[in-house]
Amino acid sequence: MNIARFQRIFADMMYRTSIGALAASVLLAIPASAACYADYKAKRDDPLQLHYGVVELPDQACSAGAARGEIARRIARDGWELLNVLSVFDDTGLEARRDSAAEYFLRY
């Protein structure tokens, strides 16, 4: 009788440990997908207008080359033409660019 009880307790402990390990690995995996942002310059003609902006990008567009097409597509809706992508960065550089981007901070 004591052996059966011990086996149940041991099985319960193993189950709880497995659930705990699974939960821990899920929580540790979440920060692995850091946010991705890019800053860019754009223009609109007639009359000439320029703007500097910051956009959030999906993981698959987190390089200067991939960001170019993504940003150009988004800003074209409002008649803007992308001049260049200045940089691609994570959230550590985000707040430093807020004032410079003004109304174009995470607009697109």
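Scroll up to find the structure.
Residues numbered from 1 in each chain as written. Predicted model: local features only at pLDDT ≥ 70, side-chain atom pairs only at ≥ 80, totals over all residues. Heavy atoms only, no water.

Caption draft 1: Region of the structure containing the packing of aromatic side chains. In this structure the tally under the stated criterion is three aromatic pairs. Plain terms: the ring middles of Y37 and F89 are 6.0 Å apart, the flat faces sit at 25° to each other, and that makes the pair stacked. Within this pair, whereas Y37 is found in strand β1 (residues 36-44), its partner F89 is found in strand β3 (residues 81-89), the two being separated by 52 residues in sequence. F89 carries the same exposure label as Y37, and that label is buried. Three or more aromatic residues joined by ring pairs make a cluster, and in this case those are W80, Y104 and Y108. Directly above the aromatic system of F89 lies the positively charged group of R97, at a separation of 3.7 Å from the ring centroid. (Phe/Tyr/Trp six-rings, centres within 6.5 Å; stacked < 30°, edge-to-face > 60°. Helix = DSSP H or I, 4+ residues; strand = E, 2+ residues; numbered from the N terminus. Buried < 20%, exposed > 50% of the residue type's maximum accessible area, 1.4 Å probe, protein only. Lys NZ or Arg CZ within 6 Å of the ring centre and 35° of its normal.)

Caption draft 2: Here's a closer look at the state of the cysteines. Within the structure shown, the criterion is met by one disulfide. Paired by a disulfide, C36 and C62 hold their sulfur atoms 2.0 Å apart. Linking C36 and C62, the disulfide has an S-S dihedral of approximately 100° and is accordingly described as right-handed. Note that C36 is positioned in strand β1 and C62 in the loop between β2 (49-57) and α2 (64-76), a separation of 26 residues in sequence. (Disulfide = S-S within 2.5 Å.)

Caption draft 3: How the structure looks around the sheet that holds β3. Read across the sheet, three strands follow the order β2-β1-β3 without closing on themselves; strand pairing throughout is antiparallel. Each edge of the sheet is formed by a strand with only one pairing partner; in this case those strands are β2 and β3. Direction aside, neighbouring strands of the sheet carry axes that sit 20° apart on average. The pairing of β1 with β2 spans nine bridges and is antiparallel. Note on β2: the bridge partner recorded for Y37 is E56. Packed on one face of the sheet, α2 meets β1, β2 and β3 and runs near 135° to β3. (Pairing = 2+ DSSP bridges. Axes fitted to C-alpha atoms, helices over the stretch in contact; angles between N-to-C directions. Contact = heavy atoms within 4.5 Å.)

Caption draft 4: Structural context of the nonpolar core. Core analysis: the biggest nonpolar cluster contains 15 residues, and A38, Y40, V55, L57, I71, I75 and Y108 have the highest contact counts within it. Here this core gets four residues from one element, more than from any other, and that element is β1. Setting aside chain neighbours within four positions, we find Y108 in contact with Y40, H51, V55, R74, I75, R77, D78 and W80. Counting seven residues, the second largest nonpolar core, distinct from the first, contains Y37, V54, L94 and A101. (Core = buried A, V, L, I, M, F, W, Y, C linked by side-chain atoms within 4.5 Å.)

Caption draft 5: Structural context of α2. Relative to the 18 Å expected for 13 residues at 1.5 Å per residue, α2 spans 18 Å between its end C-alpha atoms, a close match to the ideal helical length. The set of residues buried in α2 consists of A67, E70, I71, R74 and I75. All buried residues of α2 lie within an arc of 120° about the axis, which places them on one face of the element. Opposite the buried face of α2, at more than 90 degrees from it, the exposed residues are G65 and R73. Summarising the contacts, the buried residues of α2 are in contact with β1, β2 and β3. (Expected span 1.5 Å × (residues − 1). Arc of directions from axis to C-beta.)

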